[in-house]
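Results of the structural survey
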Amino acid sequence: MIRKIRIGNPIETYAVTEKAECRPAEEIPYFETSQQGKKLSLMLGQKDIVYGLGEQVRGINKRGWVYVSNNSDDPNHTEGKNSLYGAHNFLLIDGAHRFGIFLDTPGKVCFDIGYTEYDRMEITFEDADYDCYVIEADEGTAAERILTEIVHEFRHLIGRSYIPPKWAFGFGQSRWGYKTAADIREVVTGYRKNRIPLDSVYMDIDYMDHFKDFTLDKEAFPDFPEFVKEMKAQHIHLVPIIDAGVKIEKGYPVYEEGIANGYFCTDEDGKPFTAAVWPGKVHFPDVLNPEVRQWFGNWYRVLLNMGIEGFWNDMNEPAIFYSERHLKEVFEQLEDYKDKNLDIWSFFELKDLVGRLDNRPEDYASFYHNYEGKKIRHDKVHNLYGYNMTRAAGEAFERLEPDKRILMFSRSSYIGMHRYGGIWTGDNQSWWSHIALSMKQMPALNMCGFLYSGSDIGGFGSDCTPDLLMRWLEFGIFTPLMRNHSALGTRSQEAYRFDSRKMADIIGLRYMLLPYIYSEFMKAALSGDMYFRPLAFDYPQDDRARHTEDQLLVGESMMIAPVCEQNAIGRNVYLPERMKLYRFRSAADFDTEVLEAGDHFVPADLNEVLIFIRPGHIVPLAAPGAENTDEVSLSAVAAISAVSATQPLTLSFVETGTAEYRWYDDDGYTRNYEMQKHIRIIREDAAGTVTVENAKA
Ligand code: MIG
């Protein structure tokens, strides 16, 4: 059941698609409201858990910190931060009452979840103009279904999650610093020579001509369409980046068209607002305006026409290095310091003056959108910018490529964007704590509709080590978006640079798991379920499970417990029920063990992946050896018809009777998955006999 309460006069965000189902309510249930709705507060019980907020710092349980929805380009994802790149205002409260709450507003929202007072949650809005949706499971819903049911209803409210092409479930290699076709060839050769599976190589800003969107550096890529073909022949998809800022340059058509049509955000005087990002001075397309969205989206065609099938949208908070106006002010103020005898305070002032040029709130409050006929100041709709840039692309792909799925994920986002693309979690670091952070972000993102997501594997900033990459991959093989990415100037971290045989085995496991990963992803997308779930969702009566933050359920059949600590020889794992552990080194080298419910220290060498199968469950596997997703589809079918005695066809835990798995598959390319879908029922009995049957339509 969903109740909608409107406070004030909110700005439309289009986060919600199912308006009809909402019943208006007089006031917000459970919360105490004050200051005309500016403040909502709720007392929390000792063991209550607050889930949600999507891409944020800290735990799965958000209690004990203050989070602010204010999309920020901040490359230091430490515990002390309050905002990352997304605004995902959905909370799920698991207490005396179990309910979800979605606060639909593009402005700043502050979630004090036990920061000021541990037992109190306080939500404060910058402007008391928002739609509040309170979501509850129907009465009579079984306890172990309640949280899932609430998420279901919420996801129904906000519309179906984005579905990428199947090749985007393969492994991708990225790095800021691949400049030329030769650089990319070298990476592909590195992978292919070492027989490490790979499906895509990402192109960062260096492929462009002077960081101009939809252009190519002609010297670095003399015949780009030919190069795209060459890569495709090796089953590699190239995925270029697109930035939000459009370079100011006479004769550059994106700039010229934007100016001619008034498509850029403006300053107070109505002149295009000028900021600086990678290309130097830029204007920002006013993607909140549908006409601008259509125009900007159509520009993706330039690359689509060259054979490109996927993109990532960056810098769309939008990030600002400096604004033209503020920089001028700073230079003027610097004059004052010239002849001064700088005491310590004026020294700090001076440092701040030049050190704090980027992403300033004052700059965000100094430009305007033309939104539904009204002039709206940017800071009031700040959290909608990345969403609408990605929406521009998504809407364009539907027009330009109606039959084909196009890969799209974005850095900045708002709920609603989940219909047009996934996200990656931005500039993390090569830190052990960031494997854990990424694990905690995934279920929170899934709740909010962002299913196709992942973090930079190996870490973006700082130097990666071989063991960090290995352990990170051991979690990354489960994330729908599985991409190794790193920053310019950091240590190279392509998998083949380290122990390539072991890397190939771990990444190879991802490809063996693909039938399951894709099946569970698609089921989650089509039904509004979560692909990654905290244990609490399935074991709500088990307090230990409810408070487990370092293990996750992946789809219906498995639990994972990745090692996130350096030099660990294994880890403690809590089993809410009896499960079967597969300890994987490679397809030909693994062992299994049945573990009872309770606590275990589970040894795990550096190259060992732990997969726990729940009782009565099956995970279909592809045959080992695939080096790209095209090969997986073939081998999966082959594996079904030729059960090999030495290789497992499934991971399973069947002690009595017969277990059943509904294996969803489709062609992975067309948008019309309904027409293409192929459902097979896999059955396995205690003796290990496996049968596969096509499900009736
Ligand atoms: O200011 O394009 O998060 O993935 O490599 C940095 C360069 C801009 C930030 C992205 C990162 C990307 C980088 N970009």
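What counts as what
Residues numbered from 1 in each chain as written. Predicted model: local features only at pLDDT ≥ 70, side-chain atom pairs only at ≥ 80, totals over all residues. Heavy atoms only, no water. Axes fitted to C-alpha atoms, helices over the stretch in contact; angles between N-to-C directions. Helix = DSSP H or I, 4+ residues; strand = E, 2+ residues; numbered from the N terminus. Parallel < 35°, antiparallel > 145°, perpendicular 65-115°, else oblique. Left-handed = near helix turned anticlockwise from the far one by under 90°. Contact = heavy atoms within 4.5 Å. Nonpolar A, V, L, I, M, F, W, Y, C, P; charged D, E, K, R; others polar. Near = heavy atom within 4 Å. Polar contact = N/O pair within 3.5 Å; in protein donor to acceptor, adjacent residues only side chain to side chain. Areas by Shrake-Rupley, 256 points an atom, 1.4 Å probe, with all protein chains shown as cover. Phe/Tyr/Trp six-rings, centres within 6.5 Å; stacked < 30°, edge-to-face > 60°. Buried < 20%, exposed > 50% of the residue type's maximum accessible area, 1.4 Å probe, protein only. Lys NZ or Arg CZ within 6 Å of the ring centre and 35° of its normal.

Attention now goes to the packing of helix α5 (residues 290-298) against helix α11 (residues 385-400). The contact between α5 and α11 brings their axes to 8 Å, and the two run at 65°. Judged on the interaxial angle alone, α11 and α5 are roughly perpendicular. The way α5 lies across α11 gives a crossing that is right-handed. Contacts from R293, Q294, F296, G297 and N298 in α5 reach N388, M389, R391, A392, E395, A396, R399 and L400 in α11. The residue makeup of the contact of α5 with α11, split by class, is five nonpolar, four polar and four charged.

Further remarks concern the site of the ligand. Every one of the 13 residues lining the ligand counts as a neighbour, but D204, D314, R411, D427 and H485 are closest to it. Within the side chain of D314, a nitrogen or oxygen atom sits 2.8 Å from a nitrogen atom of the ligand. Contact distances for the ligand include 3.0 Å between an oxygen atom and a side-chain N or O atom of R411. In isolation the ligand has 350 Å² of accessible area, and contact with the protein removes 95% of it. Among the residues forming the shell around the ligand, the class breakdown is eight nonpolar, one polar and four charged.

Now for the environment of P402. In this structure, P402 sits in the loop between α11 and β23 (407-410). Sequence separation between P402 and T670 is 268 residues, and the spatial gap between their C-alpha atoms is 8.5 Å. If sequence neighbours within four positions are ignored, P402 has contacts with F397 and R671.

Attention now moves to the packing of helix α7 (residues 324-337) against helix α8 (residues 344-355). Across the interface, α7 lies against α8 with an axial gap of 10 Å and an inter-helix angle of 160°. With respect to α8, the element α7 is oriented roughly antiparallel. Where α7 crosses over α8, the handedness of that crossing is left-handed. For the pair formed by α7 and α8, the contact residues are V330, Q333, L334 and Y337 on the first element and S346, E349, L350, L353 and V354 on the second. Class assignment of the residues belonging to the contact of α7 with α8 gives a composition of six nonpolar, two polar and one charged.

Scanning the model with the defined rule gives 49 aromatic pairs in all. Seen from their ring centres, F347 and F348 are 5.5 Å apart, and the 50° between their planes marks the pair as tilted. Geometrically, the ring pair formed by Y531 and F532 is edge-to-face, given 4.8 Å between the ring centres and 85° between the ring planes. An identical accessibility class is assigned to Y531 and F532; each is buried. These aromatic residues form a ring-pair network of at least three members: Y162, F169, Y202, W312, F409, W424, Y452, Y518 and F521. Between R483 and the ring centre of W424, over which it is positioned, the NZ or CZ distance is 5.3 Å. The ring of W663 has R680 sitting right over it, with the charged end atom 4.5 Å from the ring centre.

With respect to the helices and strands, R471 occurs in helix α13 (residues 466-476). It is 9.8 Å that separates the C-alpha atoms of R471 and D605, two residues lying 134 residues apart in sequence. Discounting chain neighbours no more than four positions away, the residues touching R471 are W432, I435, V563, A568, A604, D605, L606 and E608.

Here α13 lies mainly inside the structure; 10 of its 11 residues are buried. Restricting attention to buried positions, one finds in α13 the residues D467, L468, L469, M470, R471, W472, L473, E474, F475 and G476.

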